[in-house]
Every structure is written in structure tokens, then in C-alpha cells.
Amino acid sequence: MEGSPPSPGGTKKRVTLNAPDDAPTRGAPRRQRSMGPKQMSLAAFTPDNYSDDEDDTFFHEGAPGEPGAGWTNGQIPPQFAAAVTLHPFTRSGRLSLYNHHRRWINFQSSWSRIGDGATELDAVHSESSGGKSVMTGCLVEEGRTVRALVAQLCECFYKAGWATGTGGGVSIRVGGPKENRPYRIFVAPSGVQKEDMVGDDIFELDMEREVVAPPKTPNLRQSACTPLWYVVYKHVPSAMCVIHTHSMNAQLATLLDPTEKSDVLRVTHLEMLKGVGNHSYDSVLEVPIIDNRPTEDLLAAQLEEAIQKYPKCNAVLVRRHGVYVWGDSWEQAKAQCESFDYLFESAVKMKGMGLESGVIPTSGTYREEDVDMEEEEKKEDGSPPAKRQKVAPAFNAAGATDNAADLQCTGTTIPLVPRDGKILLLDIEGTTTSISFVKDTLFPYVLNNLEKYLDSMDQKDFLQLCEALHKDLAGLGNGHPSNLQVKATLSDSIVAHTAKTRAACYVKALMAHDVKATGLKSFQGKMWKDGYASGELVGHLYSDFVPMLNWCKSHGVRVCIYSSGSIGAQKLLFGHTAEGDLTGYFDSHFDTTSGSKRESESYVTIAKALGVETKDVIFVTDLEAEIHAAAAAGVTAVVAARPGNAPLSDQTKEKYPVVRSLLQLCGDD
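Residues numbered from 1 in each chain as written. Predicted model: local features only at pLDDT ≥ 70, side-chain atom pairs only at ≥ 80, totals over all residues. Heavy atoms only, no water.

Before going further, it helps to spend a moment on helix 9 (residues 459–474). For helix 9, spanning 16 residues, the distance from its first C-alpha to its last is 23 Å, which sits close to the expected 22 Å at 1.5 Å a residue. Residues of helix 9 that are buried include every one of Phe462, Leu465, Cys466, Leu469, Asp472 and Leu473, and no others. With its buried residues spanning 125° around the axis, helix 9 presents them on a single face. Pointing more than 90 degrees away from the buried face of helix 9 are the exposed residues Lys460, Glu467, Lys471 and Ala474. (Helix = DSSP H or I, 4+ residues; strand = E, 2+ residues; numbered from the N terminus. Expected span 1.5 Å × (residues − 1). Buried < 20%, exposed > 50% of the residue type's maximum accessible area, 1.4 Å probe, protein only. Arc of directions from axis to C-beta.)

Structural data, given as C-alpha cells:
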């Protein structure tokens, strides 16, 4: 580069770029690229509208043959260094890049879903038509291009979080009977960082899995996914690309069934169903799930069976692993992979809201009244009114009918708030909170810290506790297991018991048999208060609980709590949750001071305290005895079915509504 430096006054000087004497010029004929003695050559390897730019002047002739060599690895001819550096950053360079050059490396005109020119709505263009080859016969250049494309796709999937830790991979198939030549399959290697992969790392195989051209990079192995890609190519003849990802959404979608026995994931009524092929918005997509194995090749038989059983689906999930997706081109496979991942994420998040992705929604469709053009008033100038699009009132074009009788809340019908009740009365264990939280977290906290807490009590509080515990035991009768345990413990010991060791014995005996007595619950509540205050305890909630509270708040529904745990313990739990302090959502709290939850009179007492009739109250609990008692009082009783709850009898399921999410109770007229 030659030129004068800037003048002291800051006047700019023109800088000229002089090439060496032997450098090629625009006016001189270009040397043809060497394709080898047995390879065909191309006069021009470009799409029709490819601009004749400086980048087309850079050849690779004479570059070393080892992997990574050439001007792309820093060996840019000096005479072009300035132009290459400035090209992407100048305005003209950016205009050229975004107007004429697609970002993806390709060996065909880009696949498109916009049409093939058959109608006036189709938009066809020389680089976006039907996947027609832009090659004119050079197999070497095609192979080089496809290898680079595989590396580019792997980098893309790494950035999406689908191919971290060298996981996942891509294979692309080219050729075949349509092009009157054998198939060639390009596969990613194993163990290479996907974001750092280059075309020199890619294997080229034939349909017998024999290596046609090994990667230039030495000591690489074919991807462990290779046998499975061949299963797809065998059973889906149209497939030209298979993608395997370790997407977190795909993995979690296989775990939505806690039993892990489901062999299919169902998704319906989501817009992105249109992107997975063979499905529309209101289709029910069934994605098969196969079980994982220690090595990928052991999945082949399962994958083959799944493809044959679900021919409409272009993907197969692998439990606790990831997903395989394929398409008729690499563009289609990529688009479908992105669409599947969106649907998997939707299914996972819907489950967290208490919704099932495979359940057809009962409402939410739109309708517009048909317009009678003959009765429509004409405009003042006498011209006919503007036409309005006529939309059917329902998908089946049926008009609305009077079905009020079907909307009545009866027997096993799930009630809706606020339509069927203004008061929502909720149990805690097994309804709003995992039953295991109480048994596995709260109860052990009391037992592990019992002696220490008793030692810290002052004399007055301790005497009140002893009196309350005596009353609890006396109310059970001498034959109750708790009283028998106290008697056996105190009589078997050879050491004299102090008042505090006796109190500890009472607490343990009552808790051992899950006695829901007022004295015990009040004492537990005080201990839990210390645990919540120290941060050792954090209240557990089901994921649908807070959305349900927000619904009720916005629709004027009063939410109340009725639990065998003391009111103090209730407020502690809801005041110290991972979602923050929720106590402001509740209208009232009730505990066993209002009566036993297994006695119908208790629900009458609560209704009177709330100023309503029992028929205006919807009570949700997991315990059958409480359901029967509430129903006997005239309360609408609903059974909560949560993981870990006690199994329900057939009679209860036949007589009462059962919900798996509290959001099932939320509905408007």
C-alpha cells in the first residue's frame, strides 16, 4: 500500500492500492480452478444473480492441502487485505450482503414454503424456488459445500443450546434416483465441539455406510448417531436431512408423564403445529417416545418401529435424551426441528400451569355474525355497502343452540368459579401443597428440633403446652394407638422422666399416628414459625396455585383456607413461599377450632362465619372422609388428585368431580 500520510492540518489524502505485477486483474482472463484429473470443472459456480465481486477473485490454487489451510485461515493475499477488511463494514458491502447473498451456505436454490409459481400468490425467485441445484456437475465443489453447510448447522444448533458438550449432530443426503446418481451422505464426526467444527471434519459415506471420502482432519470417528440416521433414510425415502439435538425442551417433554411409561407426546391447538409437517392448528400431533439406551446404536430397533407406527410425524423423542427430526431438505428439517422444539417447550410450560397439551380446548374459538347484504343499508351516494368477510359461527358451521341443561353443575361436573360458587375453600396438604412437604419436611423439622425447643420454652408456655397435650390425648380414648404408645414408652424406661421428656413423648406419640388435635397443631405451628423465620423452611406450592389465586382475585372470588393445621401454621406456610408472601390473597382461615373436617357441622359453621349458604361454597380436598362430610352439609365437594395422594376409591371417583389442577375450577360464563 502506498500513499502520503495525513497532513498536519488534518487534510485527507487519497490512498491507492497497488497489486503486484503478477497479480490477476479484472481485465485479464482468470485461471480455471483445478478440479483434479478425473473431475469435471465448472465455468462458473454461482446462482444466476450472484454479483461479480472481489470475493470471486480469491482462488485456492496452490494452497497447502492440509486441513484448515488457505487464505480463509489468515493467508489472505496482501493485495486484497484492505478490500476484504472493509467489504463487510462499508455501506455498499452491507447492501450487497443483505440484498444478494443469503447467510446460509447452500448447494441448491433455497427451499421455500411460499409456493412454486402455480398461483398468483406464489412468490418465486432465482434463489428461493424449489430446491433446484445451482451446481453444473462438479461433485468436488458440491461435497465441499455440503461439508461446510453441516459445520454451519452444527454451530447454529450449538448457539441454540441443542448441541452443547459435543452432543447432537447433523447428516445431509444428496443425489439419488431423481438426479440419476447414487446417494452421498455427509455426517458430522463424534467428539468435536459443534461450534468449532469445520468442513474438513465431515465424513462422506454411501448408502451402505462405506466411507467414500474421509475427513481431512485425522483420527476422527463417525457420529454415534450414524446408524440412526440410516434408519430414517431407509424408512423415509424422501428424507434428505436428519438432525439430532439434546434440546432441554425435548428431554423435559419426555418426562411429562411421571410414570415414564407413555410412548407418545400429544399436542394440539397450537399455531406452530403448522411448522412440523402433515399437521394444522387443530390437528392432534402424536410424537412417539422411545426409551434411551447406553449407546445410540441400541436405539435403532425402537426408532424403526416408531417411524413405522407414526408415519405422519417427522420426529421421534428419546426419553431423558433428546430428539431426532428429519425433512425433505436441510431447510425443511431445520424449520421442523425449530417448530418441534417450540411445541415441546409449550407442552412443558402448559404442564406447569396445570394444562395438558394434548387436550382439545372446550372454548376459545371466534365467531362473527353473517352480514345480510340485501338488508345492509346502502351508502348515501347509492353505492352498495362494502363487502364483509363472512365467517362461519363455528368450525362445523353450526349455529348456537340452547344447551343450558348441559351447563348445570351436577354430581361429577367440575364446578367453575365464579359461576357455580363465590367462595373457594381449600385444604392444604395434597391440594395446594404436596402432601410429602408436610410429612417429609415439616414433621421431621419438629421431631429433629423438639428437645431443643422444649428447653427454650419459659415455664408458663410449657405448662400451657402440657395441659393442651393432655387434653388432646384424653380426647382420643385409652385404646387409641397414641395413648398406648405413651404408656409403653413411659413404663418401659428405667430412667425417671422429667416433665419435658414426658411432653416430648406426648408430641411424638400424637405425630406418629397423625393425630390432628388442636394442642399439637398449635405447638407445631410455633416451632414452624421459628423454622420459617430462620429460612430453614420454605413453603411448597403447586405451580397452578398462584395463577389460580390471580384468577380468583380478578374475578371477585373469595379464597379461604380450611386445614387441620393451625391458622398460625397456615399463615406461616403461605407467608414464606418461593413465590413470596401470599397471605394477602386469602379472605379467611379456618382450622380445627371450627370443628373437625370430618364432621358436616363444621362446614355449616364456616359458611355462617362467611355470611353465605353452604351451597355457595366449593370445598377442595384430597381426603375422602372430608369430601363426604362437606357434601352432607350441602357444600359442593371436589376431590384433588395430586402426585403422592392416597388412592381414591371407585365410589368416590364416580360420585364426585376430580381435578388434577386448581385451574380447572377457573371459568367464566
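Now that the structure has been shown, the text picks up again.
On to the pairing of strand 15 (residues 586–590), then. Burial within strand 15 is extensive, with 4 of its 5 residues counted as buried. Alignment of strand 14 (residues 558–562) against strand 15, held across 4 bridges, turns out to be parallel. Following the sheet pairing, Val559 is matched in strand 15 by Phe586. For the crossover from strand 14 across helix 14 (residues 567–575) to strand 15, the handedness is right-handed. (Pairing = 2+ DSSP bridges. Right-handed = clockwise from strand over helix to strand, strands pointing away.)

Each pair of packed helices can be summarised by the angle the axes make with each other and by the distance between the axes. The interhelical angle for the contact between helix 12 (residues 518–534) and helix 14, taken along N-to-C directions, is 20°, at an axis separation of 8 Å. In terms of orientation, helix 12 and helix 14 fall into the roughly parallel class. As helix 12 runs across helix 14, the sense of the crossing is left-handed. Counting all contacts with helix 12, which are made through Gly525, Trp528, Lys529 and Tyr532, the residues of helix 14 involved are Ala569, Leu572 and Leu573. (Axes fitted to C-alpha atoms, helices over the stretch in contact; angles between N-to-C directions. Parallel < 35°, antiparallel > 145°, perpendicular 65-115°, else oblique. Left-handed = near helix turned anticlockwise from the far one by under 90°. Contact = heavy atoms within 4.5 Å.)

Pairing is parallel in the open sheet, where 6 strands are placed in the order 15-14-13-16-17-18. Only two strands of the sheet have a single partner each, and these edge strands are strand 15 and strand 18 (658–659). Examined bridge by bridge, strand 13 (residues 423–426) and strand 14 share 4 bridges and lie parallel to one another. Bridged to Ile423 within strand 14 is Arg558. Packed on one face of the sheet, helix 14 meets strand 14 and strand 15 and runs near 140° to strand 15. Across the sheet, helix 16 (residues 624–632) is in contact with strand 16 (617–621) and strand 17 (636–640); its angle to strand 17 comes to roughly 165°.

Summarising burial for helix 4 (residues 226–235): 8 of the 10 residues are buried, a large majority. Every buried residue of helix 4 is listed here: Thr226, Pro227, Leu228, Trp229, Tyr230, Val231, Val232 and Tyr233. On the buried face of helix 4, the contacting elements are strand 3 (169–176), strand 4 (181–187), strand 5 (203–205), strand 7 (241–245), helix 6 (300–309) and strand 11 (322–327).

Once that is clear, we can look at the packing of aromatic side chains. We describe a pair of aromatic rings using the distance from one ring centre to the other and the angle between the two ring planes. Summed over all chains, the structure comprises 12 aromatic pairs. Joined through ring pairs, the aromatic side chains of Phe545, Phe574 and Phe586 make up one cluster. Lying across the ring of Tyr183, Arg173 places its NZ or CZ 4.1 Å from the centre. Directly above the aromatic system of Tyr562 lies the positively charged group of Lys597, at a separation of 5.8 Å from the ring centroid. (Phe/Tyr/Trp six-rings, centres within 6.5 Å; stacked < 30°, edge-to-face > 60°. Lys NZ or Arg CZ within 6 Å of the ring centre and 35° of its normal.)

The subject of this paragraph is the environment of Ile567. For Ile567, the position within the fold is in helix 14. Setting aside chain neighbours within four positions, we find Ile567 in contact with His589, Phe590 and Asp591.

Let us look at the environment of Asn550. Mapped onto the secondary structure, Asn550 falls in helix 13 (residues 545–554). Separated by 35 residues in sequence, Asn550 and Tyr585 have C-alpha atoms that sit 8.3 Å apart. Separated by 2.8 Å, the side chains of Asn550 and Tyr585 make a polar contact. (Polar contact = N/O pair within 3.5 Å; in protein donor to acceptor, adjacent residues only side chain to side chain.)

This brings us to the confidence of the model for the chain. Averaged over all residues, the pLDDT of the chain equals 80, while 74% of them reach at least 70. Strand 10 (residues 315–318) holds the highest mean pLDDT among the elements of the chain, 98, whereas strand 2 (residues 128–129) holds the lowest, 43. Ignoring residues within four places in sequence, the model shows residues 79–86, a span with pLDDT below 50, making 10 contacts including any to other chains. Segment residues 385–399 is flagged for pLDDT under 50; beyond a separation of four residues in sequence, or across chains, it makes 21 contacts in the model. (pLDDT = per-residue confidence, 0-100.)

Let's shift gears to the sheet that holds strand 5. Taken in spatial order, the 9 strands make up an open sheet running 6-5-4-3-7-11-10-9-8, and their pairing is mixed. Of all the strands in the sheet, just strand 6 (211–213) and strand 8 (264–268) have a single pairing partner and so form its edges. When strand polarity is set aside, the average angle formed by the axes of neighbouring strands in this sheet is 25°. In this fold helix 3 (residues 139–159) packs onto strand 3, strand 4, strand 5, strand 6 and strand 7, with an angle of close to 155° to the strand it touches most, strand 3. In the packing of helix 6 onto the sheet, the strands contacted are strand 9 (284–290), strand 10 and strand 11, and the crossing angle to strand 9 comes to about 165°.

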